[in-house]
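Observations on chain architecture
The lines below spell out each chain.
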Amino acid sequence: MEKQLQLVKNGKRIDGRAFDEVRPLEARVGVLKNTEGSAMFRIGNTLAIAGVYGPRKVFPKHQEMSEQAILRVKYNMSPFATTERGRPGISRRSTEISMVIREALVPVVFLEEFPKTAIDVHIEVLQADASTRCAGLNAAALALADAGIPMRDIVASCSAGKIPVTDSEGNRTGMQAVVDIAGKEDTEGELDLPIAYYKKTNELTLLQMDGITKKKEFLDIIKMAVKGCEDIYQVQRSALKHKYMMETEEALR
Amino acid sequence: MISLDPGVIREITLKGKRIDHRKFDEYRKVVVESGVVPMAEGSARVRLGDTEVVAGVKMGVGKPFADTSGEGVLIVAAEFVPLASPDFEAGPPGEAAVEVSRVVDRAIRESKLVDFSALCIKEKEKVWMVNVDVNVMNHDGNLIDAVGIAAIAAILDARLPELDENDEVVIGTKTEKKIPISGIPVSTTIVKIGNALMVDPNIHETEAMDARVTVGTFEKDGDIHLCSMQKGGNSGITMEELEKIVDMATEKGKEIRNLLK
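Notes on the structure in this doc start here. (Residues numbered from 1 in each chain as written. Chains lettered and ligands numbered in written order. Predicted model: local features only at pLDDT ≥ 70, side-chain atom pairs only at ≥ 80, totals over all residues. Heavy atoms only, no water.)

**Some details on the nonpolar core**
In this structure, A:Leu105, A:Leu144, A:Phe218 and B:Met229 are the most contacted members of the largest nonpolar core, which totals 136 residues. It is helix α4 (residues 215-252) of chain A that provides the largest number of residues to this core, a total of 12 residues. When near neighbours in sequence (up to four residues on either side) are disregarded, A:Leu105 contacts A:Leu71, A:Val73, A:Leu137, A:Ala140, A:Ala141, A:Leu144 and A:Val155. One finds B:Ile193, B:Ala196, B:Ala208 and B:Met209 within the second-largest nonpolar core, a separate group that totals seven residues. (Core = buried A, V, L, I, M, F, W, Y, C linked by side-chain atoms within 4.5 Å. Buried < 20%, exposed > 50% of the residue type's maximum accessible area, 1.4 Å probe, protein only. Helix = DSSP H or I, 4+ residues; strand = E, 2+ residues; numbered from the N terminus. Contact = heavy atoms within 4.5 Å.)

**A look at the pairing of strand β6 (residues 126-138) of chain B**
Residues and elements named next belong to chain B. Pairing of strand β3 (residues 51-62) with β6 involves 11 bridges; the strand directions are antiparallel. Across the sheet, residue Glu52 finds its bridge partner in β6, namely Asn138. Of the strand pairs in this sheet, strand β4 (residues 73-80) and β6 are connected by eight bridges, and their pairing is parallel. Residue pairing for β6: Glu79 is matched across the bridge by Asn135. Where strand β5 (residues 120-122) and β6 come together, two bridges link them in antiparallel fashion. When the bridges of β6 are listed, Cys120 appears paired with Val127. (Pairing = 2+ DSSP bridges.)

**Structural notes on the interface of chain A and chain B**
Often, the extent of an interface is quoted as the loss of accessible area on bringing the components together. In this assembly, 28 residues from chain A lie in contact with 38 residues from chain B. Carbon and sulfur atoms make up 57% of the surface buried where chain A meets chain B, a total of about 3,000 Å² over both sides. In terms of surface lost to chain B, no three residues of chain A exceed A:Arg92, A:Leu207 and A:Ile212, which account for 22% of the buried area on that side. A salt bridge links B:Asp105 to A:Arg92; the shortest N-O distance between them is 3.8 Å. Those elements that place two or more of their residues in the side of chain A that touches chain B are α1 (92-105), β11 (203-213) and α4 of chain A. Among the elements that take part in the side of chain A that touches chain B, β11(A) stands out by supplying 11 residues, more than any other. Each residue belonging to the side of chain A that touches chain B can be placed in one class, and the counts come to 12 nonpolar, six polar and 10 charged. (Buried area = accessible area lost by both parts, 1.4 Å probe. Salt bridge = Lys/Arg side-chain N within 4 Å of Asp/Glu carboxyl O. Nonpolar A, V, L, I, M, F, W, Y, C, P; charged D, E, K, R; others polar.)

By themselves, these are just geometric observations and shouldn't be taken as functional.
Next up, the structure:
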């Protein structure tokens, strides 16, 4: 067997991060011209763009709801986003991710304000290095806010997992819960737990898990993910504030 | 089919009751029959109350994926046939069917209980392709759990076909060999309606739910391990609720596992 890559050294991770530290974040709103609202969200080497159309007329009409708007989300990964080319078009994976992202956003959007309309959110992952659904969701929440759609809060999304801790000989000595698994950790990581966090109510609006754990460890990992969401939430807020500060300054000039 | 107003279900739930008089942690009667489709390599019919699904395993020889060149492939695909509900349409699987397939698939795969390297025939060239197709025949709620139970029962029932000298399947044969699996992964779904958490929602409870969480569990060396999770529905859940959900799913997973042993 190949020697286990040493992922934890001197209490730091292989890319120098602390266990509870997310990769460098960047968020910007209003990045597209033709959409009503748009945003870019970057976490390390993962980059997603989201755009929002609507509230607008519903086609096909039978999807229309008389007392609220419908929220439609399409997540797509560009074929060139990964090391090996991805097949363009809808897959089982993208169908499921679109669905869980929609369900993560519905609790915060005032859909009842726009009966008989559709709000369409399109997410494009341009670069994928783990946590693409989280980056896509973070961009989507910002794009909805940028489109001026009333929301109860911004949803922030982040993943956590666990990585093996080894001694210098490569023998496994334990596991470490870490936030935002990426890069070299991704292939060796043993658990992936993406969540979305609705801060105002302390609720999880997205929750998925792949990998083996036990209850106590699971609760530790999920706390890591919530902490990551808190950091991301601050970056989302300042991205929105930044745009509207710039616009106000321009108007006053 | 009569559709009940979700408001009625909520009211009943508030009173601490369920429409079919079950307790919140009580499953409907679970019936598992194996070997119901002799043409398939393995099969099972599962009934959860009036929810009925039929799973069939078909096995062939194919090329492995590049990143797992020494491992066989297992794919679960749920089909919501129009017979099962007036809401199901013919055609390619919609997002609900895709979700059920992927959630069940994930619990089985991530448990690492199936020995995929033993399903390799010749590295980088030929591996067993295990297709687990599950038809929903009648929809009365809780499809994820029903499909999950049927998929694993069909896998346990399956016998590998014979291979000829070129490592191709001899059509219509069966050997004594089983799919190598060292435990039973079970998906258990807990739904939230108002403040109540309950197992095995029927169709009315499924339609009235605020949120659901499916937890994949298995037993190894006397311990219960969690191997997958999926939240669905249009509301959030709190950490306290999640902790309770994990406990409930752990307990109910044991019951289902006992039925499959």
